[in-house]
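# Residue-level structural notes
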Amino acid sequence: MDLYDDGEQIYMQQEDDWDRDMLLDPAWEKQQRKTFTAWCNSHLRKAGTQIENIEEDFRDGLKLMLLLEVISGERLAKPERGKMRVHKISNVNKALDFITGKGVKLVSIGAEEIVDGNAKMTLGMIWTIILRFAIQDISVEETSAKEGLLLWCQRKTAPYKNVNIQNFHISWKDGLGFCALIHRHRPELIDYGKLRKDDPMTNLNTAFDVAEKYLDIPKMLDAEDILSTLRPDEKAVMTYVSCYYHAFSGKQKAETAANRICKVLAVNQENEQLMTDYEKLASDLLEWIRRTIPWLENRLPENTMQAMQQKLEDFRDYRRLHKPPKVQEKCQLEINFNTLQTKLRLSNRPAFMPSEGQMVSDINNAWGNLEGAEKGYEEWLLNEIRRLERLDHLAEKFRQKAAIHESWTEGKEEMLRLRDFETASLSEIKALLKKHEAFESDLAAHQDRVEQIAAIAQELNELDYYDSPSVNGRCQRICDQWDNLGNLTRQRNEALQRTEKLLETIDQLYLEFAKRAAPFNNWMEGAMEDLQDSFIVHTMEEIQGLSAAHEQFKATLPDADKERQAILGIHNEIAKIVQTYHVNMSGVNPYTAIDPQEINAKWEKVRQLVPHRDRALLEEHARQQNNERLRRQFAGQANVIGPWIQTKMEEIGYISMELHGTLEDQLAHLRQYEKSIVNYAPKIEQLEGDHQLIQAALIFDNKHTNYTMEHIRVGWEQLLTTIARTINEIENQILTRDAKGITQEQLNEFRASFNHFDRKRTGVMDADDFKSCLISVGYNLGESEFARIMSIVDPNRMGVVTFQAFIDFMSRETADTDTADQVMASFKVLAGDKNYILEDELRRELPPDQAEYCIARMAPYVGPDGVPGALDYMSFSTALYGESDL
């Protein structure tokens, strides 16, 4: 049996009751007449009219039809305007047909009785109308109509003493029930504590007056009538009490609608603020990247080590002080963007599209360019420092060799130009010839040094040495002088050869001395040069090699000393022969300029340089030992921190994909991981300190570890970004779950499906995997439909679907209808019987700031049907939610 069939039986039973009541107590007719008249006028005044006599004023049917139109909100058939009885009966029949069309079965009530002014039938008809339009729709805790109204009264008056509502007659005689209902909803209107149960007249009049003055409920009952009867008329009381119900429940609905609008406006304001914050943060970050990249791409070299070291220090400050806050800003920017997109999806708003060039992908591309420039800049700095170090060493070596060579060549050209052989004796010519042969030997021995000087100059040119012009000029002068020495030597040799036949062979001892002294002198000069030569090493193996070579050199000193003594022995033998045979000699060896004093002096110099070289090698050995200690110290920490970071990354990925426990459990677990990771930061800082010591010591390699500080930095930054992003994803999943009403079992099913089709275990599904997942849950997808779904779950066209976007899509179907129903319900409550809302109504129902914000949003839509300052439903929903599915 449907609702209307039930209603017909109820009305028939009520009509029988009404007949018996009238027969048993005709005094009730007076109460009903007054109550029903007041109830009718409370609705007719909305149409600008009223009735005075209930059985007379409804006889022509016009006001009866008007009453039904007002209380139902519907249009009845066009009434007859004639004054004849047939016209009146036609109008009343139209009204009765409308009532019957609402599922009400009228018993013994005909149009003729109403037209004839039958009071009993007229009151019965009005009571039927009241039951249908004022009482039937009342519903409280699965009860309706009379029982629902009675239950509502009992619930509202339960806290009040001396009030016990059990019916609609004697329970209301003392007036406390009416006062309790008013006080429950409007406590400022009645001082309930001053009311007395033994003063029903005052209680009733107080309730009736307050209801009429403040609640717009007309007086439908008289206190005297209620108190003068043993049992007040139930229908009159029910009619009056139903007015209380509609007055108070209508206000509650308006408050609920206002609260909903406030909530929607607050969400809109918050989303707009998030959009503004994202745009500013993205603009600032991109501007910083734009300023920084040209600095990192500047490859203009410096001429000195000090200037390059300052550039390296500036780069370290950038890495340590300037970049980390920007890394945090980039991470926060991604978190804000994801949170904003989630909130927009939950409120059924279009996805947020940042300004051109400020998408997350644009920022990631700019950041990638920054890191590329950063890596190239660091490599360039280190190469430049190595180049300048090499240049300084080569330049110093060039100066030393050039000075030694220039010292050796000093006076050689003048010597070769002498014409002393022209007046010399035979012995002197022989001596000059032998001396020239010794000089040629010495000249050949210096050929290697000249070639070394030229090779060093060439390398300085190739390495772009800043003082290359000076080096080239000096090298050119040495080469030109060397060529000239060769020409002069050849010319003098030819002259001596021409006179050789005229000269005696010079004493062989002088010749032997010269031949042995010259190489030995060159050896000592080479030894002094090597002992004074500066060296640069980077490893223990290199310093050990130098030390081994030095020890080998020292091992040759005894043999060298024997050679020195042998050479000096030749000189002593010459002196002995001269003294023994009284040879007329000048005492100067004609074959060489080297004398024993020079050999002894250089030998003593070599002996003094050996301990100095020992100390220099020992100091360098100690420095390399310290460098090795720094390498091992850094490697010991890096080999622990690197695997730790990798392990944490894998554990975070497992937590975000596991199916055990609730989202809150996963979030708590991730926050514990975040805390442990943050607490690990001092170890990273300690490793940074060790890395700075290594760079300060100019250590460029470390065989004890495969981890560099750059690896550790990148891994640490990725770990911090990953844990923050994962926590944000779980928070967004919780927000989605609570907003959509998703159960934990549903979330687990979503996660299981997502994990199954995430075949690469990357935490996202590509387009093909996502399509396979949709087909597995029952979607029949065409290419256009799948493209539409991808535009929802992947608005940024990244080509992948995250788990958050996946659960948003799976639950959005129910969210759309709920939001639309709420907007329609809020609009109907505020609009009432109209099809639009006025600005004054918004200002009355909403807080001032929310009302003005809403009116400003609605400004482009104002003015339906020519009513100024009004808003229809379509404009209302568009103003609040934008151009959406609503």
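Residues numbered from 1 in each chain as written. Predicted model: local features only at pLDDT ≥ 70, side-chain atom pairs only at ≥ 80, totals over all residues. Heavy atoms only, no water.

## Looking at the packing of aromatic side chains
As a reminder of what qualifies: For Phe, Tyr and Trp, rings pair up if their centres lie within 6.5 Å, where Trp contributes its six-membered ring, and each pair is then called stacked (planes under 30 degrees apart), edge-to-face (over 60) or tilted (otherwise). Only DSSP runs of H or I covering at least 4 residues are called helices, and only runs of E covering at least 2 are called strands; the numbering of each starts at the N terminus. Per-residue accessibility, obtained with a 1.4 Å probe over protein chains only, is compared with the maximum for each type, and a residue is labelled buried under 20%, exposed over 50%, and partly exposed between these values. A ring is considered to have a charge above it if a Lys NZ or an Arg CZ atom is located within 6 Å of its centre and within 35 degrees of its normal.
Scanning the model with the defined rule gives 18 aromatic pairs in all. Look at F178 and Y244: their rings are 6.0 Å apart centre to centre, the planes differ by 45°, and that puts the pair in the tilted class. Taken together, the positions of F178 in helix α9 (residues 176–185) and Y244 in helix α12 (residues 234–297) put the pair 66 residues apart, joining distant regions of the chain. The class of F178 is buried, set by a relative accessible area of 0%. Take Y244: its relative accessible area is 0%, and that puts it in the buried class. Considering the side-chain rings of Y240 and Y244, the 5.1 Å spacing of their centres and the 75° angle between planes classify their relative orientation as edge-to-face. Taken together, the positions of Y240 and Y244, both in helix α12 and four residues apart, correspond to about one turn of that helix. In terms of burial, Y240 and Y244 fall into one category: buried. In this structure, R132 is placed above the aromatic ring of F133, and the distance from its NZ or CZ to the ring centre is 5.3 Å.

## So, the pattern of salt bridges
Quick note on the threshold: Note on definitions: salt bridges are taken to be side-chain nitrogens of Lys or Arg within 4 Å of carboxyl oxygens of Asp or Glu.
Throughout the structure, instances matching the rule amount to 45 salt bridges. Between E494 and R490 there is a salt bridge; the shortest N-O distance is 3.4 Å. Taken together, the residues E494 and R490, both in helix α18 (residues 468–499) and four residues apart, mark about one turn of the helix. Assessed through its relative accessible area of 39%, E494 is described here as partly exposed. The closest approach of N and O atoms between E551 and K554, which form a salt bridge, is 3.2 Å. Of the two residues, E551 and K554 are both situated in helix α20 (residues 540–555); the distance of three residues between them amounts to about one turn of the helix.

## Observations concerning the layout of surface pockets
Definition in use: A cavity here means a set of 1 Å grid points, computed over protein atoms only, where a 1.4 Å probe fits but cannot escape. A pocket is an open set with protein on both sides within 12 Å along at least 5 of 7 lines, and lining residues have an atom within 4 Å of a point. Grid points are joined across faces, edges and corners, and a volume is the space filled by probe spheres set on the points. Note that Gly is not counted as nonpolar here; it falls among the polar residues with everything else outside the nonpolar set of Ala, Val, Leu, Ile, Met, Phe, Trp, Tyr, Cys and Pro and the charged set of Asp, Glu, Lys and Arg.
Each pocket or cavity is described by its volume, and for the second largest pocket that value is around 1100 Å³. If you trace the second largest pocket, you find 38 residues lining it, with N338, R725, E729, V764 and T802 closest to the centre. Among the secondary structure elements, those contributing two or more residues to the lining of the second largest pocket are α13 (305–346), α14 (360–409), α22 (596–657), α25 (709–740), α26 (744–757), β4 (800–802) and α29 (803–831). Per-element tally for the lining of the second largest pocket: the top contributor is α25, with eight residues. Tallied by class, residues from the lining of the second largest pocket come to 14 nonpolar, 16 polar and eight charged.

## A word on the environment of F520
Using the following cut-off: Any pair of residues with heavy atoms lying within 4.5 Å of one another is described as a contacting pair.
Along the chain, F520 turns up in helix α19 (residues 508–532). The buried category is assigned to F520, whose relative accessible area is 5%. When the C-alpha atoms of F520 and I599 are compared, they prove to be 8.4 Å apart, with 79 residues separating the residues in sequence. The contact partners of F520, leaving out residues within four places of it in the chain, are A560, E563, R564, I567, I599 and W603.

## Quick word on the side chain of E628
If you trace the backbone, E628 turns up in helix α22. Accessibility expressed as a relative area gives 16% for E628, which makes it buried.

## Here we look at α25
Operational definition: Expected helix span is given by 1.5 Å per residue-to-residue step, counting one fewer step than there are residues.
Taking 1.5 Å of rise per residue, 32 residues should cover 46 Å, and α25 covers 46 Å from first to last C-alpha, within 8% of that figure. Positive phi appears at G741, one or two residues downstream of α25, with a value of about 75°.

## Considerations on the confidence of the model for the protein chain
Atomic detail in the predicted coordinates should be set aside for any region of low pLDDT. The condition that has to hold: Here pLDDT means the predictor's own confidence in every residue, given as a number from 0 to 100.
Looking at the protein chain, pLDDT values average 79 and 85% of them are 70 or higher. Overall, residues 502–506 carries pLDDT values under 50, and its contacts beyond four positions in sequence, including any with other chains, amount to 18 contacts. Below a pLDDT of 50 lies the segment residues 882–886, which in the model reaches 14 contacts outside its immediate sequence neighbourhood of four places, other chains included.

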